[in-house]
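Given next are the chains, with one letter for each unit.
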Amino acid sequence: MGWAACLAALLLLPALAFAQPSPLVARLSTERVAITTAFVGESILVFGSTEEPLGPGGDEVIILARGPSGPFVVRRKVEVLGLWFNGPSARFENVPGFYAVAGTRPASLLLPEDVRQARGIGLATIPLNSTGARAPGFRRALASLKQSANLWQEDAQPIEIAGSRLFNLRLPLPSTVQPGSYRVEVMLVRARRVVATEQLGFIVERVGTAAEIERVARGQPVLYALICIILAALAGWLGSVLFRRN
Amino acid sequence: MSRSPHLQIYLPIAEMSVDALMLVGIGFVVGWLSGLFGVGGGFLLTPMLMLIGIPSTVAVASGANQTLGASVSGLIAQARRQNVDWQMGGVLVAGGLVGSVVGVQIFAMLRRAGQVDAAVAVFYVVVLGAVGTLMVMESVRAIFRRSRKQQVRLHTHSWAHGLPFKLRFRKSRLYISIIPPLMVGFVIGILSAIMGVGGGFMLVPAMIYILGMPTAVVIGTSLFQVVCVTASVTFLQAIQVGGVDIVLTLLLLLGGVAGAQFGAAMGGKLRGEETRALLGLLVLGVAGSLLWDLWRVPENLFSVGPGW
């Protein structure tokens with residue numbers, strides 16, 4: 001169903017672009033990602049079309065997605081009496097929990113460094129101000145751990161071009177994505193300058209049972225604690241009654 | 001989107017998706033072993049959960065919650081057979097509740113310091129190492145004793161009988177100070193909060209050897225303490241640390257109650273000393289694998305977590 005909608009939208013886009021001349025049109029396959037009890041991650045399709053042909057020599061597109069920011073603590077293990085414990089730590093404020101960037105070609109080839117820096121294009125532009133341990137190893141570790149968890153992606157895959165003016169990118173969200181609002185910026189690059197942008201966004205939210213459990217656990221911990229005690233006791237008792245019958 | 005052949009389920013508190021059938025399977029194995037040996041099995045469950053990537057905070061808190069569920073039916077059965085010394089249980093529980101409060105504070109403190117993973121592992125290595133060694137030594141001695149057909153005294157008078165605040169425990173046919181049972185309950189309460197166990201495997205020998213209780217009421221009274229203290233740990237962990245994942249608990253219990261029935265049916269065919277020796281070896285095995293994890297050079301020296 002999602003695919004059919006995307007396809008229809010993709011087919012409609014050139015027509016829309018023709019009706020209202022715009023150098024860049026982009027949309028998302030969904031604006032809402034639901035974390036249910038069956039959530040295993042999701043992927044979002046970013047797609048659109050340009051007025052001018054895409055590709056080498058022509059226009060280029062860069063897509064940037066960012067999730068909600070928060071503080072993170074990186075810890076380094078140290079050896080104490082032959083055993084490994086957590087040692088020094090560095091605390092990073094306002095770090096994006098999710099960050100992905102992709103282009104029709106790597107952004108470093110398309111835009112000068114000052115533009116990339118100003119627009120926050122590329123993992124290297126994420127401001128990582130830490131308190132605590134100062135060694136650069138902590139910064140590298142944060143970036144590599146986020147990347148290996150698929151929460152930070154830089155040119156994980158290129159934007160696909162179809163028919164020279166249609167583009168699309170599949171943005172994978174792992175099951176560990178945090179709920180919150182996500183921003184997607186689609187930039188049209190011409191002659192090493194960003195000539196048009198489209199600001200899109202989607203929301204990741206818990207729904208159904210998962211949301212309800214999380215809400216009660218955080219909001220009414222005493223009630224949640226009592227429910228856990230009663231449910232576990234009931235399950236244990238009920239289970240033993242059922243199995244003893246057989 | 002690629003569909004996984006496994007039945008993935010999102011754990012709302014652990015904030016990750018795991019294979020539901022694997023959790024039921026782990027519950028089954030732990031339930032089977034605990035049915036076989038007559039212990040709660042929490043000491044196996046918490047390390048196994050940490051091994052499959054469940055954060056240690058969630059593994060400990062949900063482990064205690066699952067042990068509560070797994071112990072309830074046993075307590076009901078023992079109470080029906082009048083094998084519970086409620087008076088002694090009450091004293092043990094009083095000590096256990098205070099211990100669980102202290103234990104959860106220590107746990108919260110360790111979490112703030114970022115040392116939960118290593119601290120839980122160290123607790124496991126020390127406690128399981130000591131208990132496992134004692135179990136193996138004791139059962140080996142018992143096996144030799146049996147072959148030499150010697151008689152042993154049921155209960156000996158020790159230092160525990162010279163303390164003040166004596167009370168008469170009718171069901172256990174004891175007249176002893178309440179200080180030793182309070183202390184035993186207190187220590188088990190702390191360990192329960194930090195390790196996510198019920199503590200039956202430590203409580204049972206402590207009741208027999210330190211308190212001198214008759215074996216007939218030991219299991220039932222121990223289950224009473226385990227149910228009360230794991231309920232207390234569940235409550236405190238849920239309101240203070242927020243690590244109890246009820247979805248995880250229920251999936252584990254689903255496998256656990258089935259496994260326990262199979263284990264109990266098989267357990268009847270084993271001899272007491274051999275069972276205890278096997279349990280001791282199992283306990284030592286868990287301690288050894290955790291020690292190995294602490295000792296070997298970690299694959300990644302760094303770890304990242306949310307900033308609390």
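Everything below is about the structure shown above.
Anyway, here's the lowdown on the structure attached to this text. Note that the structure is predicted; figures quoted are calculated from it, not measured.

Parameters and conventions
- Residues numbered from 1 in each chain as written.
- Chains lettered and ligands numbered in written order.
- Predicted model: local features only at pLDDT ≥ 70, side-chain atom pairs only at ≥ 80, totals over all residues.
- Heavy atoms only, no water.
- Axes fitted to C-alpha atoms, helices over the stretch in contact; angles between N-to-C directions.
- Helix = DSSP H or I, 4+ residues; strand = E, 2+ residues; numbered from the N terminus.
- Parallel < 35°, antiparallel > 145°, perpendicular 65-115°, else oblique.
- Left-handed = near helix turned anticlockwise from the far one by under 90°.
- Contact = heavy atoms within 4.5 Å.
- Nonpolar A, V, L, I, M, F, W, Y, C, P; charged D, E, K, R; others polar.
- Expected span 1.5 Å × (residues − 1).
- Buried < 20%, exposed > 50% of the residue type's maximum accessible area, 1.4 Å probe, protein only.
- Buried area = accessible area lost by both parts, 1.4 Å probe.
- Salt bridge = Lys/Arg side-chain N within 4 Å of Asp/Glu carboxyl O.
- Polar contact = N/O pair within 3.5 Å; in protein donor to acceptor, adjacent residues only side chain to side chain.
- Pairing = 2+ DSSP bridges.
- Core = buried A, V, L, I, M, F, W, Y, C linked by side-chain atoms within 4.5 Å.

### Points about the packing of helix 6 (residues 179-195) of chain B against helix 8 (residues 215-240) of chain B
All names here are of chain B.
(1) Moving on: Look at helix 6 against helix 8: their axes get within 10 Å of each other, and the N-to-C directions meet at 45°. When the axes of helix 6 and helix 8 are compared, the pair comes out oblique. Between helix 6 and helix 8 lies a crossing whose hand is right-handed. Across from Gly-185, Ile-188, Gly-189, Ser-192 and Ala-193 in helix 6, the residues of helix 8 making contact are Gln-225, Val-229, Thr-230, Val-233 and Gln-237.
(2) Moving on: Looking at side-chain class alone, the contact of helix 6 with helix 8 contains 4 nonpolar, 6 polar and no charged residues.

### Things to note about helix 6 of chain B
Because an α-helix packs 3.6 residues into every turn, residues spaced three or four apart end up facing the same way.
All names here are of chain B.
(1) Moving on: Helix length check: helix 6 (17 residues) gives 24 Å between terminal C-alpha atoms against 24 Å at 1.5 Å per residue, within 8%.
(2) Moving on: Along helix 6, the residues classified as buried are Pro-180, Pro-181, Val-184, Gly-185, Ile-188, Gly-189, Ile-190, Leu-191, Ser-192, Ala-193, Ile-194 and Met-195.
(3) Moving on: Following helix 6 by one or two positions, Gly-196 adopts a phi angle in the positive range, close to 70°.

### Focus: the interface of chain B and chain A
(1) Moving on: Contacts between chain B and chain A engage 51 residues on the former and 52 residues on the latter.
(2) Moving on: It is Tyr10(B), Leu301(B) and Phe302(B) that lose the most area in chain B upon contact with chain A, and together they represent 15% of the buried surface on that side.
(3) Moving on: Note that Glu15(B) and Arg218(A) form a salt bridge whose closest N and O atoms lie 4.0 Å from each other.
(4) Moving on: Our count for the chain B to chain A interface comes out at 12 residue pairs in polar contact (both at pLDDT 80 or more).
(5) Moving on: Contributing elements (two or more residues each) for the side of chain B that touches chain A: strand 1 (8-11), helix 3 (56-80), helix 5 (116-147), helix 8, helix 9 (246-267), helix 10 (272-295) and strand 5 (302-306) of chain B.

### Re the environment of Leu7(B)
(1) Moving on: With respect to the element layout, Leu7(B) can be found in the segment before strand 1.
(2) Moving on: For Leu7(B), the contacting residues outside a window of four places in its chain are Val18(B), Asp19(B), Ala20(B) and Leu21(B).

### Observations concerning the sheet that holds strand 5 (residues 69-80) of chain A
(1) Moving on: Taken in spatial order, the 4 strands make up an open sheet running 8(A)-6(A)-5(A)-5(B), and their pairing is antiparallel. The sheet is open, and its two edges are formed by strand 8 (130-132) of chain A together with strand 5 of chain B, each paired on a single side. Pairwise comparison of adjacent strand axes, ignoring direction, gives a mean angle of 30° for this sheet.
(2) Moving on: Strand direction decides the pairing type here: strand 5 of chain A and strand 6 (residues 83-96) of chain A, joined by 10 bridges, are antiparallel. Counted as the bridge partner of Ser69(A) is Pro96(A) from strand 6 of chain A.

### Overview of the nonpolar core
(1) Moving on: Within the largest apolar cluster, 87 residues are counted, with the highest numbers of intra-cluster contacts made by Tyr224(A), Leu11(B), Phe43(B) and Ile54(B).
(2) Moving on: Counting residues per element, this core draws most heavily on helix 5 of chain B, which supplies 11 residues.
(3) Moving on: Aside from chain neighbours lying at most four places away, what touches Tyr224(A) is Ile213(A), Val216(A), Ala217(A), Ile13(B), Ala238(B), Val244(B), Asp245(B) and Ile246(B).
(4) Moving on: Leu28(A), Leu142(A), Leu151(A) and Tyr10(B) belong to the second largest nonpolar core, which has 59 residues in total.

Honestly, it's all geometry; don't read function into it.
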